Amino acid sequence: MKIGILFYSKSGNTKQIGERIKKQSEKKNHAVDIVEVNPESEPGFFKASFSAIRQKQLPITNDTFDVSSYDLIFVGCPIWVGKPAPLIKSMIQKTTGFDNTKASVFITCGGGEKPGSNAVDLIKYYLQNQQANILDETLIVHMNRKGKIRKEIPSVEDFVNNTLESL
Ligand SMILES: Cc1cc2nc3c(=O)[nH]c(=O)nc-3n(C[C@H](O)[C@H](O)[C@H](O)COP(=O)(O)O)c2cc1C
């Protein structure tokens, strides 16, 4: 199967999880591409917070990403003030070819998000608007300020395995 991992990461936490998702998917013999969202300029704390509250899109330099050749896309971002970093919204809207492509969502945060998170629902909503086929499996990772994992709900490996088994 061909798998894409699409994520935004400001300080490296979400990237770290995206790379583990890649490793676990490859362990299951799937071909994986990673696409990282590149903001035109990295927002500081206040701009990040403000844009997140309003879900105001920030400009990105990525080319349009066509996902039509992928069987599954993992989509991830950090949580800012209880909302998805809106750079993932910008990227989802710049992504074409979803047409029922299966998508599974992961987030990292300081610990504010629990299963049933509204922020996760918002990412799913952006994906649904692009006609993606959203899978039930979701991964929430709580990080500390030093970029160390505090809690994985469920473990990254279970998340990947459960997602693959649900296809
Ligand atoms: C502007 C800003 C707002 C944040 N707001 C929250 C929040 O509301 N809840 C939370 O649990 N973590 C919050 N965090 C922590 C990040 O979600 C967390 O550190 C995340 O893992 C960062 O991912 P990254 O390294 O991929 O950018 C915030 C971080 C920033 C920079």
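To be clear, the structure that these remarks concern was listed above.
The rules behind each value
Residues numbered from 1 in each chain as written. Predicted model: local features only at pLDDT ≥ 70, side-chain atom pairs only at ≥ 80, totals over all residues. Buried ≥ 20, exposed ≤ 12 C-beta atoms within 10 Å, placed from the backbone. Helix = DSSP H or I, 4+ residues; strand = E, 2+ residues; numbered from the N terminus. Pairing = 2+ DSSP bridges. Right-handed = clockwise from strand over helix to strand, strands pointing away. Near = placed C-beta within 6 Å. Nonpolar A, V, L, I, M, F, W, Y, C, P; charged D, E, K, R; others polar. Contact = placed C-beta atoms within 7 Å. Axes fitted to C-alpha atoms, helices over the stretch in contact; angles between N-to-C directions. Parallel < 35°, antiparallel > 145°, perpendicular 65-115°, else oblique. Left-handed = near helix turned anticlockwise from the far one by under 90°.

Student: Even after reading the chapter, I still don't get the pairing of strand S1 (residues 2–7), so can you show me in this structure?
Tutor: Within a regular strand, side chains alternate between the sheet's two faces. Of all the six residues making up S1, five are buried; the element is thus mostly covered by neighbouring parts of the structure. In this structure, S1 lies alongside strand S2 (residues 31–36), joined through six bridges in parallel fashion. The residue bridging Phe-7 from the neighbouring strand is Glu-36, located in S2. For the crossover that starts at S1, traverses helix H1 (residues 13–27) and ends in the parallel S2, the hand is right-handed.

Student: It is not clear to me how the site of the ligand should be interpreted in this structure. Could you clarify?
Tutor: Within the structure, the ligand sits among 22 residues, and Asn-13, Thr-14, Pro-78, Gly-110 and Gly-112 are positioned closest to it. Of all the secondary structure elements, the ones that give two or more residues to the shell around the ligand are H1, helix H2 (45–54), strand S4 (72–80) and strand S7 (102–109). Of the residues that constitute the shell around the ligand, the class distribution is eight nonpolar, 11 polar and three charged.

Student: Looking at this structure, how should I read the environment of Gln-130?
Tutor: With respect to the helices, strands and loops of the structure, Gln-130 is situated in the loop between helix H4 (118–129) and strand S8 (133–143). Take Gln-130: there are 16 C-beta atoms within 10 Å of it, and that puts it in the partly exposed class. The sequence separation of Gln-130 and Thr-95 amounts to 35 residues, and the corresponding C-alpha distance is 8.2 Å. Apart from residues lying up to four places away in sequence, Gln-130 is in contact with Ile-92, Thr-95 and Phe-98.

Student: What am I meant to see in the packing of H1 against helix H5 (residues 156–165) here?
Tutor: To describe two helices that pack against each other, one gives the angle between their axes and the distance between the axes. Look at H1 against H5: their axes get within 9 Å of each other, and the N-to-C directions meet at 50°. As judged from the angle between their axes, H1 and H5 are oblique. Seen from above, H1 lies across H5 with right-handed handedness. In this structure, H1 contributes Ile-17, Arg-20, Ile-21, Gln-24 and Ser-25 to the contact, and H5 contributes Val-156, Glu-157 and Val-160. Residues of the contact of H1 with H5, tallied by class, amount to four nonpolar, two polar and two charged.

Everything listed here is a matter of coordinates, which is why it stays silent on function.
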